[in-house]
Amino acid sequence: MLIGTAGKGKHVLEYPLSQWAFVCVVAGAVVGLLLNIPMVTQDEGYLPAYIAAAGLTRTDPAAVSRPLAVVVHHGTALVAALLYGAVVAGLSSVLPTAVSLNGVPLIPHIVGAAGVTAFIYYFFARVAMPRFGGSFRDDTDEIVQQWALTAFIFGTALALFVPVLVTWL
């Protein structure tokens, strides 16, 4: 089953839903791995993963183990990439799709990447950090600023990598 209205002569996402989901999962995994670089180079860069893990385990972020924080970080990248894929698939049926990047409609792609970037930033800054920041709440401004940079890097890398990845499959 192709996503959108490709069968009606309108150019939309040209991939079966299962293949599109696979592309998104692979992109999320690769971008999540690449995201380790800016996260570990920032002073407080990896703390969002500890804070997210603290929210899941209902503990203080300082008590979260490094392996759990890493799993949460990479799991979040996969979920965010799948969310991006769902947004692109949904928007492909309602937004103009005449221009595409290797079969990925440009406008839904840009809106999807920007929307997911804004969502992951907003969710962390307005939900996760205030509720689960625990012992790190005194550093909220610095952590949220660094998370904004990380979210931007994630969205940009995802937007650049997905059109490249679809050419390999």
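Caption draft 1: Region of interest: the confidence of the model for the protein chain. For the protein chain, the average pLDDT comes to 87, and 93% of its residues sit at 70 or higher. The low-confidence segment residues 1–11 (pLDDT under 50) makes 23 contacts with residues lying over four places distant or belonging to another chain.

Caption draft 2: Molecular detail of the layout of surface pockets. When its volume is computed, the largest pocket comes out at roughly 550 Å³. Along the wall of the largest pocket there are 24 residues; nearest its centre are Ala52, Val72, Thr76, Phe123 and Trp147. If you list the elements that add at least two residues to the lining of the largest pocket, you get α1 (17–41), α2 (47–57), α3 (66–91), α4 (106–132) and α5 (140–168). Considering each element in turn, the lining of the largest pocket owes the most residues, seven residues, to α3. Along the lines of polarity and charge, the residues of the lining of the largest pocket split into 20 nonpolar, four polar and no charged.

Caption draft 3: Main features of the packing of aromatic side chains. One pass over the full model with this rule turns up five aromatic pairs. The interplanar angle of 45° and the centroid separation of 6.0 Å between the aromatic rings of tryptophan 20 and tyrosine 84 together place this pair among those described as tilted. Within this pair, whereas tryptophan 20 is found in helix α1, its partner tyrosine 84 is found in helix α3, the two being separated by 64 residues in sequence. Taken individually, tryptophan 20 and tyrosine 84 each receive the classification buried, so the pair is uniform in this respect. Between the NZ or CZ atom of arginine 66 and the centre of the ring of tyrosine 46, over which it lies, the distance is 4.6 Å.

Caption draft 4: Local environment of the packing of α3 against α5. Contact pair α3 / α5: the axes reach a minimum separation of 12 Å and the direction vectors enclose 60°. Classified by the angle between their axes, α3 and α5 sit oblique to one another. Crossing angle aside, the handedness with which α3 passes α5 is right-handed. Residues Ala77, Ala80, Ala81 and Tyr84 of α3 form the contact with α5, whose participating residues are Phe154, Leu158 and Val162.

Caption draft 5: The arrangement of the nonpolar core in detail. Grouped together as the largest cluster of nonpolar side chains are 44 residues, with contacts concentrated most on Trp20, Tyr84, Val104, Phe124, Phe154, Leu158 and Val162. Contributing elements (two or more residues each) for this core: α1, α2, α3, α4 and α5. In terms of residues, this core owes the most to one element, α5, which gives 10 residues. If we skip the residues at most four places from it in the chain, valine 162 touches Trp20, Val23, Ala27, Tyr84, Val104 and His109.

Conventions adopted
Residues numbered from 1 in each chain as written. Predicted model: local features only at pLDDT ≥ 70, side-chain atom pairs only at ≥ 80, totals over all residues. Heavy atoms only, no water. pLDDT = per-residue confidence, 0-100. Contact = heavy atoms within 4.5 Å. 1 Å grid on protein atoms, 1.4 Å probe; cavity = no way out; pocket = protein on both sides within 12 Å on 5 of 7 lines; lining within 4 Å. Points joined across faces, edges and corners; volume = space filled by probe spheres on them. Helix = DSSP H or I, 4+ residues; strand = E, 2+ residues; numbered from the N terminus. Nonpolar A, V, L, I, M, F, W, Y, C, P; charged D, E, K, R; others polar. Phe/Tyr/Trp six-rings, centres within 6.5 Å; stacked < 30°, edge-to-face > 60°. Buried < 20%, exposed > 50% of the residue type's maximum accessible area, 1.4 Å probe, protein only. Lys NZ or Arg CZ within 6 Å of the ring centre and 35° of its normal. Axes fitted to C-alpha atoms, helices over the stretch in contact; angles between N-to-C directions. Parallel < 35°, antiparallel > 145°, perpendicular 65-115°, else oblique. Left-handed = near helix turned anticlockwise from the far one by under 90°. Core = buried A, V, L, I, M, F, W, Y, C linked by side-chain atoms within 4.5 Å.

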